[in-house]
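Residue-level structure breakdown
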Amino acid sequence: MPPTPDRKSGELPKICHQQTITLHPGDLGHLDKFRQDLAYLSPSWRGTYSTIRAMTEGLTAVSRATLST
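From a predicted model like this one, the values you see are computed outputs, not experimental measurements.

This brings us to the overall build of the chain. Scanning the chain from N- to C-terminus turns up one helix and zero strands. Radius of gyration (C-alpha) of the chain: 19 Å, far over the 11 Å computed for a compact globule of 69 residues. Viewed in the frame of its principal axes, the chain has a C-alpha envelope of about 60 × 30 × 25 Å. Residues counted as buried form 3% of the 69 residues belonging to the chain. Computing the positive centroid from 8 side-chain charges and the negative centroid from 6, the chain places the two 4 Å apart.

Rules behind the numbers
- Residues numbered from 1 in each chain as written.
- Predicted model: local features only at pLDDT ≥ 70, side-chain atom pairs only at ≥ 80, totals over all residues.
- Heavy atoms only, no water.
- Helix = DSSP H or I, 4+ residues; strand = E, 2+ residues; numbered from the N terminus.
- Rg over C-alpha atoms; globule rule 2.2 N^0.38 Å.
- Buried < 20%, exposed > 50% of the residue type's maximum accessible area, 1.4 Å probe, protein only.
- Lys, Arg positive; Asp, Glu negative; His and termini not counted.
- Charge placed at Lys NZ, Arg CZ, Asp CG, Glu CD.

Quick look at the structure:
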């Protein structure tokens with residue numbers, strides 16, 4: 001359910017305006033499995049996700065090439 005504007009001021013909640021939010025283990029309840037423990041674009045994040053990204057891009061290219069022939 002998307003956030004709704006405040007009835008008096010018409011403004012959206014603060015979370016819609018701020019640049020980042022911090023979530024701690026357990027904050028998301030059953031959705032906690034989607035929480036990312038590595039800080040976005042940190043050296044650890046890059047080391048982990050650059051490999052995954054490269055593999056995904058490669059598989060996408062192969063599937064497109066296969067479908068277009």
